[in-house]
Each structure stands twice: as C-alpha cells, then as structure tokens.
Amino acid sequence: MMKKLLWILNLFLVTGVFTSCDEVDDPYEHLDEFITDTGDSRFNDTVMNDANLSSRVILIEDFTGHKCPNCPAATDLGKQLVDDNPGQVFVVAVHNSGNFSEPDSDPDGKFQADYETEAGENLRVEFQIASFPAGLIDRQEWNNSFRVGMGQWENNVNTKLQNPDYMELNFRVNSTNIYNTDSRILRVVPNVTALDSESGEIYFVVYILENGIVSPQEDSRFPDSTPIKDYIHNHLLRASFPLDDIGTKIFENPSSGDQYMTEFQSMDELRFELKPEWAAQNCEVAYVIYNRTSKEVLHFETMPLMNSGG
Amino acid sequence: MRLFIVLTVLIAVVFSVHTQAQEKKVDLGEVHGNFDLRGQFYNPDSAIGAPEVPEKFLFNGFANINYHKGNFYAGLRYESYQNVLLGFAPEYQGNGITNRFVQYNDGQLDITVGNFYEQFGNGQILRAYYEPSLGIDNSIDGARFKYNIHGIYLKAVIGQQRWYFEQSPGIVRGGDIEFQLNEILKDRMPKKTRVSFGFSAVSKYQEDNNVDLTLPENVLAYGGRMQVKYKKWMLRGEYTYKYNDPNADNGYIYKEGQMLQLTASYNRKGFGVTVSAHTLDNMFFRSDRNNSSQFQDMFINYIPALTKQHTYNLMATLYPYATQPRGEIAFQGDVIYKIKKGTALGGKYGTTVNVNYSYAANLDTTNLNDVDSIGQARQGYTSNLFKIGERANGSTDQYFGDFNIEISRKLNKTFKLRAVYQNLLYRRELLEGKPGVGNVYANVGVLDLLTKLNRKSSIRTELQGLFTNQDKGDWATFLVEYTYAPHWFVSVMDQWNYGNDIEDEQFHFPIASVGYIKEATRITLSYGRQREGIFCVGGVCRVVPASNGLTVSITSSF
C-alpha cells in the first residue's frame, strides 16, 4: 500500500512538473495594463499644485507679437511689475496682435515661428484689442475699456494691490496634473473650493505656457531696427483648454465653501496633447478661473508642467 | 555566535554518542566526516598584479559531519570564510551551516529532506553538485523522493537552490524516470547487451516582477536519453529542450533552448576509442533569471565539457576551455592504445599512447534584431543546431581546438617517462571576455620523468614549454618533486614567462611546497608566487588571481 502511494506521489509530482510551463508569445503583454487612452502610465509625471497661495495673483495678459517693435518695452515693464511684487503679479505673453504676430509668409523670412493661438485670438477679438502693446489686467475694465495700455499698467496694478479686499483669495485650488512624457498628454484633475460668494457662471480654464523660447523679436529701442535674433520669450501662451479660451463651467452663483471636484479618469478630467516642438520641461501649467458673466479673472496660479521642469 | 554554540554542542553530542557506543558495544550508528581548511598569507606584489589584501590572511574552511545508522542518514556542513580567498565570490563571507539533511534509504525507497545533490541524465537540465575548489554549491534545499522497483528508477525533487548563505528566489521542481531493460526483462534480453533509457523534466518558478517585460514565471525543460551497450561497444545520447526562459545571461530573449549530446565508444584490452559530440543553443538555466554571475550562481543545469582535462599546469591553467551555454557545437575524439610489452615499439614494459582532439565552435546563427523596440518578439536570433557558424570575415567561428598526444613508457625499474605534445587554438576574445583580442595559437611540450630512488623515495621532474607568438608569449615550467613514502613530499616549481614581449614582465613564478600525509590527513605548506590563471573542473572554470604568499592547507577525513 505504501509503495503504491509513493508511486502515485511521484507520478503526481512528475505530472506537476510537466504542466508547469508558461509560454509567452508577447513579451510586452503586461504593458497593456499600463497603457490607457492617455499612454503608458509608467511614463506619468505627476505634479500637485502646492502653491498654497496667500493672496490673489493679478493676471496681465500682454498682447504682443514678435514683429511688434514696441512690445518688448511692455514685456520689460511687466517683468518689472512681477519682480516688484513677487507672487502677486503674473504676465502671460499672448502672441495675438494681427500682423505683428503672424509668421512670415516668405519661407526665407526671419519670423517663421507661429506663436498665435486660437484662445489668444478669441480674447483679442472679444476684448477689442486693436493696438499694441496692450494688456488685459484681470480682464477688468479700466477707464471704460478692458484694454489697458502699457502706460496704465503700473497704476492699475498698484491700485489693485493696495485694495486688501481685492487681493483676497476667491478660490482655493487643490489639483493634480499628470503629464505623460511618452504620449505628451497632460491631464488636469481640478478640485476647486469657493472661498467667497460670487454671482454668475464661473469657468475654469487651463493655460500651457512655455519659457525660454529663443527666436527673433523686433525691438524699436534699438536704432538700427534689426530684429534681436536670440530674444528669449518667457511665459508664452501655447494653448488654452478646454474649448480654447472658454474652459469648463465649475460653478454658478457659488457660495463660500462650495466645491468642484473631478475624479481621475473621469469624463470631467481635462486633457490636452502637447505639440512635439514644445519643450515640456520648460512649460508651466496655469489655472485661470473667471466669471463668464462679468468676464473678470477671479483666480490665477501657475506650476511647472513636470516635476523637474518649469 | 549562536551557530557556533549549536555546532559545538552537536559535535560534543556526536562524539559522546560515539564514545558511549564503543563502551557499551551498542550500535548507535556511525559518524563520519571530513575537514578542509585553507588559508593564505598574501604579500603585496604589484609587479605580477597581485592585489593588496587588507586582511593579509584569508581563509576558506568547511567540515562535513555525517551520521548513519541502518537506513537513516543525517548530516551537516559548516563553512567559514574569514574572509574568502581571492578568486572566489565575495558573497562567501562569514560562517554558517550551509547544508543539513536527513535521509531514509532502504535501497528501494530513498527520501531526503534538507539539502541534497542530484543529477538527471548527464545533467543537461538538472545537476546540483558541490565543487568547493570552484566555489560551486548549487544544492537544492527541499525534498527528494527516489524509488526503484524491478528496474524502474524514479526520482522527484522540489526545493530552492543554495546561493552562498542565502537561497535562490526561484523554486526548482523536477522528475526523472529511468528504465533499465536488463533488470525489467532479465533473461529475455540478449546476453552482453545492456539497454537503458530515461526521461526527465524540470520546471522552475520565479515571480515576474519585471516592469518592462512579461516574463514566464514557470519555465519547463525536458529531455530523453538512451544508452545501449553491446559487448565492447557503447552508444549514448541525450536530447533536452527548454521553453522560453528570458534571463540576464541571454539578454532576456524568449528563444527556446536545446541540446543534443551523443557519445560512442569501443573498448578492448589495450585499446579504447571514444567519440563524443554535442550541439547546444541558449541553455542558460538558472533558478534566478536575473543573475548572470561569472561564479556560476544558481545554475540548475550543467553542460558537460567535451575537452580533455589536462593536469600539467601550462596546459591546464593558461588556456583552458569553458563550455559556452550560449551556444556551441563541439566534438572530441580520444584514442588510447597500449603497445604490447616485449615488442620493438613497446619496449620491455609496454608503452601507452593517448591521442586526443577536441573542437568547439559557435553555431550558425542569424540575428533577428527584434529586441530593441516594444512590441517585438524578442526571439533574438535563429540558429541551426547542426551547422558551424562563420565570422564576418568568412572564417569558421571556432572557439577552441586542442590536439594532444601523450606517450607513457616505463623505461626500466628506475625510470618512467611521459611525454606530451599539444597544439592549441584558443579564442581569447570570447573565452576571456576581451573584445578585439586575437586568438592564441600555441604549441606545448611536456617531459615528465619519474625516478624511483629506492622502495620509499622517488623524484619526479617536469619540464614544460608553451610556445606562442600571442598574448604573453612563451612560458616554461620546471618542477622537481621529492616523495618520501608514505608521509612526506617536497616540491619546487618555477614558471617563467621568458617570452614576454615586454622584458620587464618576463616574470618568474617560483613556488615551493612541503606536505605531510598521515592516513587520511594531509597538511601542505606552499610559499611563492601564484600566476594569474584559469582553473577548470569539467568545463566549469574560475579565474585564479595572481598572488604571492604562504598557503596552508589541511584536509582530513574520519
């Protein structure tokens, strides 16, 4: 009996050995688990906004163009305002200024780069900006016009900065940005809390800004009027989403404490695919929250697109 | 410290039992074992590339203690490395009981739990063995069942292999069945014919934790073998196949592995001829797929070498061949003939002539370039098991060639002479892993004269020369060994690289040894320079680094 049992045991083991084999036809089969419609998740670079803002950031949308000779002066002024008021002022370069921002049609022309955006053009038309340089400052009217000439920027900004009520934060944003370095898809998962009551429809829009772009720029401050070949463009608006400048509606007449939340991989997740020529490591992501009824920008903040970037 | 106490208590108990057994004449079983202690003082010698050893003295030691009573067996091995001798894996560090087992064996049923060694067939898919001179111990820690009945031999094993003082992450499972037809059919088999055949299978399991690839967690290898002996003839063959086993050795390709080995021989009094051949492809088979250590860690299988294992040091340690699990075709022919005594050629006492030739080359392979991008099959290459590969310049992709002839003759009652000639081709680029380095072509001659001075004492002298235009050029070795039986021997040897193109590196490697043997105990002291070389056992090799110093070796068994 014992011997029979041992035979059975041995045969059982041998049979077990023969059946213990995995043949793999596709060495990369497991990658399917990681590959979603936004790319291979192992290439995800996640940035959580941890700015922990203590006050409102004043947004200057500087309408400019690489063929606009007077625009670099406005850019420099904007930079001066930012430097003088760290963390309270931010300038976005919107290269939509008609002839001043169009790329050269001549293939041998000096201005081949195309920095115009659909969002910038929509804003330029909506706010009737026809001469340059010019800016929108929190998209608020100033002397009965949304367009603020550069001569008024400092006065406008200082007025706002001196108003504590104005500089109070209107929203707290705790969001997550996931950028996939392989697919170049950026996913934004916003979580917004209203800190005060507002009337009107509140929209959330994401800007992608790029820094360190080197390309020619006209500058009238140089008498020989030849373009500066290695001009460095910073905070240049590359894209705005969803729906270009419009964004997504997050509140209507919110009260203090109201929350807008999005789940990962949900329909409300905001997605955008970066173009190959954009240097992702030099890009920033900016959140713009505005009142679609009054047009006013109520909240603005930025963060690097990637953990090692910005 | 705890291990030391356990060991001390165990030894005390064992000796106590032994002593009591003797006093009371009660059969309490038998205790046997052996010790092997080797230590070396190292002197700095930068000229020959001997590294400075901070500890000055290094030590390898082990003791096996085995107990046996009736059908019951048990044993353990204690190992100590303080620190490990140069040339062995640095993972051998510290002390511990590395092997322990209990076994029941009644001749028909054999059950072992703990560490055990095992081999299926000639080891192509499983060979767990211990070779301390190479630093190899791939014992399996687990359970083994062996059972035989009426000529049918069955084995089943399961466990994890030893990895220095730890264990392999993979689990090895295997089964083997062998049929000895002469035992099964008894008188129905033709006389003077012996036939056996067997089948074996081994599967290893290792978790797939690779983020880049989908790896097979269970890898199966199987094989069949047969041996037929008829009168003075013998024919033996074994074929094994291994399923996809991506691993660090093969660059994580999913190609199958295969090996075929055939041996035929004819032997009669005074004459023997053996011809062997094997062809193999992608036969790396370790229980840890991520290990590609040069120290042969966790190999489940063993590829027998088809080259002659030489004993004279210039032939054995300068350019020996290590089998290539990546792929090779090899064959060996060996003829031994004893010219009768009393003839003109044979002389008064007869003359033995041994002619041997071995050859190894790469397989014919075609690269598939399918491992660089995601989505590809990662088969790596295709191969033809029965075709020798060619190099880019059209020449044969030969790894090794060794023609040697050995003539032994007793001249008279005082002198016995042995003369050896070897012609060698050695693919240094591949076998030493030095890309771009050319082949070594060498001729080696050895004269070995044994002079019996009287009934107890003898002197043996060796004169060896290796002649080559490559690598470090010509070498000569001179050895004198005096033996005073049965206890003492003294030897002096010098190896001289007189043909080195760099005159400053025409080094001498003198070494003197003295040994004392009493019954099963042997004590050896050696002092001198040790040349960097390669030490091989059965086609498995390790690099012996250059050193200078005093070596002490004590071995004993009881």
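Here the structure is a predicted model, which means the values were calculated and not measured.

The rules we used
- Residues numbered from 1 in each chain as written.
- Chains lettered and ligands numbered in written order.
- Predicted model: local features only at pLDDT ≥ 70, side-chain atom pairs only at ≥ 80, totals over all residues.
- Heavy atoms only, no water.
- Helix = DSSP H or I, 4+ residues; strand = E, 2+ residues; numbered from the N terminus.
- Rg over C-alpha atoms; globule rule 2.2 N^0.38 Å.
- Buried < 20%, exposed > 50% of the residue type's maximum accessible area, 1.4 Å probe, protein only.
- Pairing = 2+ DSSP bridges.
- Axes fitted to C-alpha atoms, helices over the stretch in contact; angles between N-to-C directions.
- Disulfide = S-S within 2.5 Å.
- Salt bridge = Lys/Arg side-chain N within 4 Å of Asp/Glu carboxyl O.
- Arc of directions from axis to C-beta.
- Contact = heavy atoms within 4.5 Å.
- Phe/Tyr/Trp six-rings, centres within 6.5 Å; stacked < 30°, edge-to-face > 60°.
- Lys NZ or Arg CZ within 6 Å of the ring centre and 35° of its normal.
- Buried area = accessible area lost by both parts, 1.4 Å probe.
- Polar contact = N/O pair within 3.5 Å; in protein donor to acceptor, adjacent residues only side chain to side chain.
- Nonpolar A, V, L, I, M, F, W, Y, C, P; charged D, E, K, R; others polar.
- Parallel < 35°, antiparallel > 145°, perpendicular 65-115°, else oblique.
- Patch = residues over 30% accessible without salt bridge, like charges linked within 9 Å, V, L, I, M, F, W, Y side chains within 5 Å.
- Areas by Shrake-Rupley, 256 points an atom, 1.4 Å probe, with all protein chains shown as cover.
- Lys, Arg positive; Asp, Glu negative; His and termini not counted.
- Charge placed at Lys NZ, Arg CZ, Asp CG, Glu CD.
- pLDDT = per-residue confidence, 0-100.

A. Main features of the overall build of chain B. Scanning chain B from terminus to terminus reveals four helices and 33 strands. Taken against the 2.2 N^0.38 rule, which gives 24 Å for 558 residues, the C-alpha radius of gyration of chain B at 26 Å falls within 12% of a compact globule. Each of the three principal axes of chain B carries a C-alpha extent, and together these read 75 × 65 × 60 Å. Sorting the 558 residues of chain B into buried and exposed places 49% on the buried side.

B. Summary view of the sheet that holds strand β17 (residues 259-261) of chain A. Residue and element names in this part refer to chain A. Taken in spatial order, the three strands of this open sheet run β8-β11-β17, and their pairing is antiparallel. Here the strands that pair on one side only, and so sit at the sheet edges, are β8 (171-173) and β17. Recorded for the sheet is a direction-independent mean angle of 15 degrees between the axes of neighbouring strands.

C. The arrangement of the state of the cysteines in detail. Residues and elements named next belong to chain A. Taken as a whole and assessed by the stated rule, the structure comprises one disulfide over all chains. Disulfide pairing is shown between C68 and C71; the S-S distance is 2.0 Å. The chirality of the disulfide connecting C68 with C71 is right-handed, given an S-S dihedral of about 75 degrees. Assigned by exposure class, C68 and C71 land together as buried.

D. The arrangement of the pairing of strand β29 (residues 508-518) of chain B in detail. Residues and elements named next belong to chain B. With nine bridges joining them, strand β28 (residues 488-496) and β29 adopt antiparallel strand pairing. For V492, the partnering residue across the bridge sits in β29 and is A512. Note: β29 against strand β30 (residues 521-530), eight bridges, orientation antiparallel. Paired with V514 across the bridge in β30 is L525. Hairpin connection of β29 to β30: two residues between the antiparallel strands, including E519 at a positive phi of 50 degrees.

E. Looking closely at the sheet that holds strand β3 (residues 44-48) of chain A. All names here are of chain A. The four strands lie next to each other as β3-β9-β10-β18, forming an open sheet whose pairing is antiparallel. Strands with a single pairing partner mark the edges of an open sheet, and in this sheet they are β3 and β18 (270-273). In this sheet, neighbouring strand axes are inclined to one another by 15 degrees on average, regardless of whether the strands run parallel or antiparallel. Bridge analysis of strand β9 (residues 176-180) against strand β10 (residues 185-189) gives four bridges, and the strand direction is antiparallel. Pairing of T176 across the sheet is with V189, part of β10.

F. Expanded view of the pattern of salt bridges. If you walk through the whole model with that rule in mind, you get 43 salt bridges over all chains. A salt bridge links E252 of chain A to K249 of chain A, with the nearest nitrogen and oxygen atoms 2.7 Å apart. On the basis of relative accessible area, K249 of chain A is assigned to the partly exposed category, the value being 34%. Of the charged contacts in the structure, one is a salt bridge between R460 of chain B and E462 of chain B, with a shortest N-O distance of 2.7 Å. The exposure class of E462 of chain B is buried, given its relative accessible area of 7%. Here the salt bridges share partners, and the residues they tie into one network are R77, E79, D137 and R162 of chain B.

G. Quick look at helix α4 (residues 118-126) of chain A. Residues and elements named next belong to chain A. When we look at burial in α4, the residues that qualify are A119, G120, L123 and R124. All buried residues of α4 project into a common sector of 135 degrees when viewed along the axis, lining one side. In α4, the exposed positions angled more than 90 degrees off the buried face are occupied by E118 and V125. Looking at the buried positions of α4, the neighbouring elements they touch are β4 (58-63), β5 (89-94), β12 (201-210) and β15 (236-241).

H. Representation of the environment of I48 of chain B in the model. All names here are of chain B. Here I48 lies in the loop between β1 (30-42) and β2 (57-69). Considering only alpha carbons, one finds I48 and P545, 497 residues apart in sequence, at a separation of 9.7 Å. Sequence-distant contacts of I48, that is, excluding residues within four places in its chain, are made with F507, F509, R529, Q530, A546 and S547.

I. Structural detail: the packing of aromatic side chains. Evaluated as defined, the whole model comprises 34 aromatic pairs over all chains. Taking 6.0 Å as the distance between ring centres and 10 degrees as the angle between the ring planes, the aromatic pair formed by F171 of chain A and F251 of chain A counts as stacked. Within this pair, whereas F171 of chain A is found in strand β8, its partner F251 of chain A is found in strand β16 (residues 248-252), the two being separated by 80 residues in sequence. F171 of chain A gets classed as buried once you look at its relative accessible area, which sits at 0%. With a relative accessible area of 7%, F251 of chain A lands in the buried category. One aromatic cluster is present, built from ring pairs that chain together Y81, Y92, W163, Y164 and F165 of chain B. Over the ring of F165 of chain B we find R162 of chain B; its NZ or CZ atom is 5.9 Å from the centre of that ring. Looking at K410 of chain B, its charged tip hangs above the ring of Y349 of chain B, at a distance of 4.8 Å from the centre.

J. A look at the interface of chain A and chain B. Facing 21 residues of chain A, the contacting portion of chain B comprises 38 residues. For the pair chain A and chain B, the summed buried area comes to about 2,600 Å², and 68% of that belongs to carbon and sulfur atoms. Taken together, the connections running from chain A to chain B amount to five residue pairs in polar contact (both at pLDDT 80 or more). By residue number, the principal contributor to the side of chain A that touches chain B is helix α1 (residues 2-19) of chain A, which donates nine residues. Grouping the amino acids of the side of chain A that touches chain B by side-chain chemistry returns 12 nonpolar, three polar and six charged.

K. View of the packing of helix α3 (residues 71-84) of chain A against helix α5 (residues 150-161) of chain A. Residue and element names in this part refer to chain A. Between α3 and α5, the least distance of the axes is 10 Å, while the angle of their chain directions is 10 degrees. By the criterion of interaxial angle, the relationship of α3 to α5 is roughly parallel. Every residue of α5 that contacts α3 at A73, A74, L77, G78 and L81 is listed here: M150, W153, E154 and V157. When its residues are assigned to classes, the contact of α3 with α5 shows seven nonpolar, one polar and one charged.

L. Structural detail: a negative patch on the surface. A cluster of acidic residues, E23, D25, D26, E29 and D32 of chain A, forms a negative patch at the surface. Owing to a relative accessible area of 30%, D26 of chain A belongs among the partly exposed residues under this scheme.

M. Molecular detail of unusual backbone geometry. Residue and element names in this part refer to chain A. Backbone torsion omega between F132 and P133 reads 0 degrees, so that peptide bond is classified as cis. Within the element layout of this structure, P133 appears in the loop between α4 and β6 (134-137). The residue after F241, namely P242, is reached through a cis peptide bond having omega -5 degrees. Locating P242 in the fold gives a position in the loop between β15 and β16.

N. Expanded view of the confidence of the model for chain A. Model confidence for chain A is summarised by a mean pLDDT of 89, while 91% of its residues fall at 70 or above. Ranking the elements of chain A by mean pLDDT puts α1 of chain A last, at 64, and β5 of chain A first, at 98.

O. Region of interest: the side chain of R428 of chain B. Residues and elements named next belong to chain B. Structurally, the position occupied by R428 is in helix α4 (residues 428-431). On the basis of relative accessibility, which here comes to 12%, the residue R428 falls in the buried class. Leaving out residues up to four positions away in the same chain, R428 has contacts with G433, K434, V437, G438, N439, V440 and D471.

P. Quick look at the confidence of the model for chain B. Counting all residues, the mean pLDDT for chain B is 92, and 96% of those residues have values of 70 or more. In this model residues 1-9 of chain B is a low-confidence stretch, pLDDT under 50, and it forms five contacts with partners more than four residues away in sequence or in other chains.

Q. Fine view of the environment of V544 of chain B. All names here are of chain B. By the element assignment, V544 lies in strand β32 (residues 540-544). Its relative accessible area of 18% is what places V544 among the buried residues. Residues V544 and L86 lie 458 residues apart in sequence; the distance between their C-alpha atoms is 7.4 Å. Apart from the residues lying within four places of it in its own chain, the contact partners of V544 are Q530, R531, E532, G533 and F535.

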